[in-house]
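Report on the structure
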Amino acid sequence: MTALPVITPTLVQRLSSTPRGARLARRLAVAQLDGWGYPHDSETTEAVALVVAELAANAVTHGRVPGRDFELRLARDADGIRIEVSDTRSECQPPSPGDVTPPSRLAESGRGLLLVDAVARCWEVVDRVPPPGKTVRALVAVPASFENVFDPAPNIHSRA
């Protein structure tokens, strides 16, 4: 199957590798979805916000390189909302989607990628382009009730 091209508009934002940067990534994602017509309390917005929050938290916790930012990318296409979070740390790779194991019941962390796996239609870890680092990509499906929201050219309005 040939992948569909990503359709603009796209959000691309570099953020500081700090907890504040991770919080801002989530807020930017919710604001972008609102701009695309997805209500704040919709399943789509909540799913995207969760995935962005978990991937951004991982980027600042496990992928942080002092003095380097992480990057958030959001795009929408006919398949749903595409999310990418990139950091510049190459030696600390997360597990692949099929290799994520639950932490012990009393562990205070280690559930982020399990949440991503549960909410996203699919996700993967790839080498960052340009190197160094890695990118975690996820796709959040859009429910059929939002099919009419998808408009490849949302800023172009015809005049009557």
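Everything below is about the structure shown above.
These lines cover the structure that appears in this document, whether it is placed above or below. The residue numbers shown here count from 1 along each chain, following its written sequence. In keeping with the model being predicted, local features are shown solely for residues with a pLDDT of at least 70 and side-chain atom pairs are shown and tallied solely at 80 or more, while totals for entire chains, interfaces and linings include all residues. Based on all heavy atoms of the structure, the side-chain values leave hydrogens and waters out of the count.

Turning to unusual backbone geometry, a few remarks are in order. Cis geometry is found at the peptide bond from V129 to P130, where omega equals 0°. Secondary structure elements are taken from DSSP: a helix is a run of H or I of four residues or more, a strand is a run of E of two residues or more, and numbering for both begins at the N terminus. Checked against the element boundaries, P130 lands in the loop between β4 (122-127) and β5 (134-140). Look at the link from P131 to P132: it is a cis peptide, with omega at 5°. With respect to the helices and strands, the residue P132 is situated in the loop between β4 and β5.

Let us look at the nonpolar core. In terms of nonpolar packing, the biggest core is built from 30 residues, with V48, L72, L74 and I83 touching the most fellow members. Looking at this core, the elements with two or more residues in it are β1 (7-15), α1 (19-35), α2 (43-61), β2 (70-77), β3 (80-87), α3 (112-119) and β5. The greatest single-element share of this core, amounting to 8 residues, is contributed by α2. Here, the term nonpolar core denotes a set of buried Ala, Val, Leu, Ile, Met, Phe, Trp, Tyr and Cys residues that are joined through side-chain atoms within 4.5 Å. Relative accessibility decides the category of a residue: with a 1.4 Å probe and only protein chains considered, values under 20% of the type maximum give buried, values over 50% give exposed, and everything between is partly exposed.

This part covers the pattern of salt bridges. A side chain with one charge can pair with a side chain of the opposite charge if their charged atoms come near. We define a salt bridge as a side-chain nitrogen of Lys or Arg found within 4 Å of a carboxyl oxygen belonging to Asp or Glu. Taken as a whole and assessed by the stated rule, the structure comprises 7 salt bridges. As a salt-bridge pair, E71 and R73 come within 3.1 Å of each other at their nearest N and O atoms. We classify E71 as buried; its relative accessible area is 18%. Residue R73 is classed as partly exposed on the basis of its relative accessible area of 33%. Put simply, R137 and E124 hold a salt bridge, and the shortest N to O gap is 3.2 Å. Of this pair, R137 sits in strand β5 while E124 sits in strand β4; the two residues are 13 residues apart in sequence, bridging distant segments of the chain. Classification of R137 by relative accessible area gives partly exposed; the value is 34%. By relative accessible area, which is 36% here, E124 ends up partly exposed. The network of salt bridges with shared partners includes D77, D79 and R82.

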